[in-house]
Amino acid sequence: PHFNAGYGAALNEHGIHELDASIMDGSSLAAGAVCASRAIRNPIRAARALMEKGDAVLLNGTAADRFAEVAGLAT
């Protein structure tokens, strides 16, 4: 495997980097997650923003990337 998509990440079977992240607040049970993101620099920040401000719990692919862009996160 190739490990050049970011620290702790690997390329998918098509040679494209896709990153995932999830977060949960144990006291309130609020959660947020992004998966298969190709453009978010720090997916955990997008997951946290989704937990705090989003209407969904999980966003995938281009939806996650768009959410991060609208939220003003680095892409």
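The rules behind these values
- Residues numbered from 1 in each chain as written.
- Predicted model: local features only at pLDDT ≥ 70, side-chain atom pairs only at ≥ 80, totals over all residues.
- Heavy atoms only, no water.
- Helix = DSSP H or I, 4+ residues; strand = E, 2+ residues; numbered from the N terminus.
- Contact = heavy atoms within 4.5 Å.
- Core = buried A, V, L, I, M, F, W, Y, C linked by side-chain atoms within 4.5 Å.
- Buried < 20%, exposed > 50% of the residue type's maximum accessible area, 1.4 Å probe, protein only.
- Polar contact = N/O pair within 3.5 Å; in protein donor to acceptor, adjacent residues only side chain to side chain.

Points about the side chain of aspartate 65
For aspartate 65, the position within the fold is in helix 2 (residues 61–70). Ignoring any residue separated from it by four or fewer positions in sequence, one finds aspartate 65 in contact with Ser37, Arg38, Ala39 and Ile40.

Here we look at unusual backbone geometry
Even without glycine at this site, leucine 29 takes up a positive phi of about 65°. By secondary structure assignment, the location of leucine 29 is in the loop between strand 1 (19–24) and strand 2 (31–37). Not every positive phi belongs to a glycine, and alanine 36 is a case in point at roughly 55°. Residue position: alanine 36 is located in strand 2.

Some thoughts on the nonpolar core
For soluble globular proteins, nonpolar side chains are generally found buried alongside one another. If you look at the biggest cluster of nonpolar residues, it comprises 11 residues: Ala21, Val34, Ile40, Ala46, Ala47, Ala49, Leu50, Leu59, Ala64, Phe67 and Ala68. If you list the elements that add at least two residues to this core, you get helix 1 (43–53) and helix 2. If one sorts the elements of this core by residue count, helix 1 sits on top with 4 residues. Here leucine 50 is in contact with Ala33, Ala56, Val57, Leu58, Leu59 and Phe67, once residues within four sequence places are set aside.

Structural notes on the side chain of serine 37
Secondary-structure assignment places serine 37 in strand 2. Of note is the side chain of serine 37, whose polar atom sits 3.2 Å from the backbone nitrogen of isoleucine 40. A distance of 2.6 Å separates a polar atom in the side chain of serine 37 from a polar atom in the side chain of aspartate 65. Beyond its immediate chain neighbours, meaning those up to four positions away, serine 37 contacts His17, Glu18, Leu19 and Asp65.

Focus on helix 1
It helps to recall that an α-helix has 3.6 residues per turn; residues three or four apart then point in one direction. Of the positions making up helix 1, those classed as buried are Pro43, Ala46, Ala47, Ala49, Leu50 and Met51. Where helix 1 is buried, its residues touch strand 1, strand 2, strand 3 (58–60) and helix 2.

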